[in-house]
Amino acid sequence: MKRAAVGAEGFVLDHFDRAAIENHLHYAGEKLLQALGGEPPSSVFSDSLEVYDSDWTPKFLSEFEKRRGYDLTPHLPELFAGSDELTKSVRHDWGETLGELVDENYLEPLTEWAHAHHTLFRSQTYGEPAVTLSSNALVDLPEGEGPQWRSFSYTRWATSASHLYGRPVTSAESWTWLHSPAFRAVPLDMKAEADRFFLEGVNQFVGHGWPYSPAYAGEPGYAFYAAAVFNEHNPWWPVMPEIAGYLQRLSFLLRQGEPANQVAVYVPTDDAQADFTPGHVGVTEYMAGYITPELSASILDAGYNLDYVDSVAIDKLGIRYPVLVLPHVDRISLATLQKIAAYVRGGGKVVAVGRLPQRAPGLQDANDTSKVEALSRRLSHEAGWFFAAHDAGAGGLLKKAVAPDMQLDAPAPEVGFIRRKLPVADVYFVANTGNHAVSMKAHFASRWTGAEEWDAFSGKAYRADADLNLAPYESRVLVFHDGSISLPERWVGAAVGGDTIDLNHGWQVDFPELHRHVSMASLRSWTEAETTRYFSGHAVYSKDFDLSVTALTSDRHYFLDFGEGTTLPADDPRKPGMHALLEGPIREVAMVSVNGQKAGSVWRPPYRVDVTALLHPGKNHLEIDVANTAINTLAGRSLPDYRLLNLRYGQKFSPQDMEHLEPLPSGILGPVRLVPETTVGSSR
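### Examining the packing of aromatic side chains
What the rule picks out here adds up to 28 aromatic pairs. Considering the side-chain rings of Phe 444 and Phe 480, the 5.2 Å spacing of their centres and the 50° angle between planes classify their relative orientation as tilted. Placement of the pair is Phe 444 in strand β17 (residues 438-444) and Phe 480 in strand β21 (residues 475-481), with a sequence separation of 36 residues. Take Phe 480: its relative accessible area is 11%, and that puts it in the buried class. When the centroid spacing of 5.3 Å and the interplanar angle of 80° are considered together, the rings of Phe 511 and Trp 526 count as edge-to-face. Here Phe 511 is found in strand β24 (residues 505-511), whereas its partner Trp 526 is found in the loop between β25 (516-522) and β26 (538-547), with 15 residues between them in sequence. Relative accessible area serves as the criterion here: at 1%, Trp 526 is assigned to the buried category. Grouped by ring-pair contacts, the aromatic residues Trp 175, Phe 197, Phe 198, Phe 205, Phe 230, Trp 236, Tyr 246, Phe 429, Phe 457 and Trp 603 constitute a single cluster. The aromatic ring of Phe 457 is capped on one face by Arg 604, whose charged end is 3.5 Å from the ring centroid.

### A few points about the side chain of Glu 414
Examined against the element boundaries, Glu 414 turns out to sit in the loop between β14 (406-408) and β15 (415-422). A distance of 3.0 Å separates a polar atom in the side chain of Glu 414 from a polar atom in the side chain of His 436.

### Quick notes on helix α4 (residues 85-116)
With 32 residues, α4 should cover 46 Å at 1.5 Å per step; its first-to-last C-alpha distance of 45 Å lies within 8% of that length. Remark: the principal bend of α4, roughly 30°, maps to Asp 103. One or two residues past the end of α4 sits His 118, with phi positive at roughly 60°.

### Structural notes on the nonpolar core
In this structure, Leu 324, Phe 429, Trp 507, Tyr 541, Leu 560, Phe 562 and Ile 624 are the most contacted members of the largest nonpolar core, which totals 165 residues. Here this core gets 10 residues from one element, more than from any other, and that element is α4. Membership of the second largest hydrophobic core comes to 18 residues, among which are Val 415, Leu 470, Leu 478 and Phe 480.

Rules and cut-offs
Residues numbered from 1 in each chain as written. Predicted model: local features only at pLDDT ≥ 70, side-chain atom pairs only at ≥ 80, totals over all residues. Heavy atoms only, no water. Phe/Tyr/Trp six-rings, centres within 6.5 Å; stacked < 30°, edge-to-face > 60°. Helix = DSSP H or I, 4+ residues; strand = E, 2+ residues; numbered from the N terminus. Buried < 20%, exposed > 50% of the residue type's maximum accessible area, 1.4 Å probe, protein only. Lys NZ or Arg CZ within 6 Å of the ring centre and 35° of its normal. Polar contact = N/O pair within 3.5 Å; in protein donor to acceptor, adjacent residues only side chain to side chain. Expected span 1.5 Å × (residues − 1). Bend = angle between axes of the 7 residues up to and from the residue. Core = buried A, V, L, I, M, F, W, Y, C linked by side-chain atoms within 4.5 Å.

What follows is the structure, encoded as structure tokens:
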């Protein structure tokens, strides 16, 4: 077992053995459900399949012969050595058999058991043993992980299966390794990763994490080594309801209607299985060599979103997308290629990338190879068939096949979208995944003419047009429908020169948890003072400012503006997890009140809040409650000594990047200004 609990060390279950799985469900699963007192959970869960070296089972030879029609024994050397077509065909058949066994003896009995106990089966169906994309058809709730929206990802693997097989909900294991170490992650990091999941089709989040932490653990409490901490021990916790509301609104919205991705990228399962070697038998392990980052980027940058599809789905469901992409496919069954041929004859479009399919998959299919080659060659001359020699050329050919769903008037690889199709509307979620602002025109393929813009934080709706102006890591919902629109315009003002009020100086700052009051002539980080260098918690900033009667005119809005923040360089791509490449001018969150009334919170770009409705002529009182992270407290302590623990139980984990912690800049770093804007240029 990988990282077994104390007392549970030993061998993992044989996922190819139904009796073993049913035995486990009886002795472990039944007791777990009994402990719930007759109330079944919403689902039972299978984590990502990491049963490494899982490539055999005692009954494999007999199962292989029954399914593939020949004895594998004389061909066992081919599993370990060789690179000719005979070897690849045998390895394919070995991999295909492994996939069938795990489907029938692991996934199917788990789903049956869940249904018998009035619950659902949620599964991360990728990795090893050798499951396929369509293995997800056997589970109720496919789940993915990983925010790699511009390359092959387990997340898109799961959402694609849901789109193919009619599963309305796809969840994601979210925020694993987010901005390591554990207490370093902040709300902007959460949003930045969540938006990437939304772009891939996720509409339910399983967050990592909320670690159990008993009272005797003190502050900031325990942390899980592979996750961030999203509980009340983190000082920025007061804005969590705002983040949760954003996730809830969008998760609900992206379950409405039907998926509407235009491009299906074929998963070369047969090629992957032919690549298998002992100890390396995961279909997903090989996909990056076929569905390359360059190919994904070419499709996305051309204005399309995509799903994956495999031969099983094509054989069962047909092809329900305007365009099918075949990425470096060599092996394909004759039956699947014939379905693709019928799709082309019916008006479907195919973009083959890198090469044309040439071979039938397995040893017993050898007689079909010449037919596959001949049919592939004939199809290459059809009007609906396009060929891209390289991955980067796929996007241009897609535009010849079907109009892009979202076309930008300037390149913006960091901007992505996903569309849901309703009977009376199209819903687009658009996100800037980058750390700099973008401004351009966007053209959408929706047939509806009316356009609204919805704010997923406030729930407010505005009139929309083709201008797409997004701050770093900002997102937007656009709803197209057929009807008149009587909505307000989103404010787009112009700053009033000379009337900006500088608020950088003369702050009174209270640290309630320290019973300490500080006068700040100029804004500075808490870490610059010895007494607050290692402080994690809250501080309340306050000051007064004056406004004249003439300043508060009806054509002005006033924004409390904190600046733009600082962009960061990209991390080493080999490092697990992600974080927003932007450090805000407030570290890390601020709750703003004007004249005793809450104006809003500030933790994401644009770092400003509209305070117009709360201002009055004369003296105004401003309070800003600022919270940082728990890192500063941890940086002021020695690390726990795990030597005795490890000697007794073995080293079960390594603390997550906890060496050499330094306190992080905290508080309002400035500049802070009260900026008036006029209605000039506000039409939208």
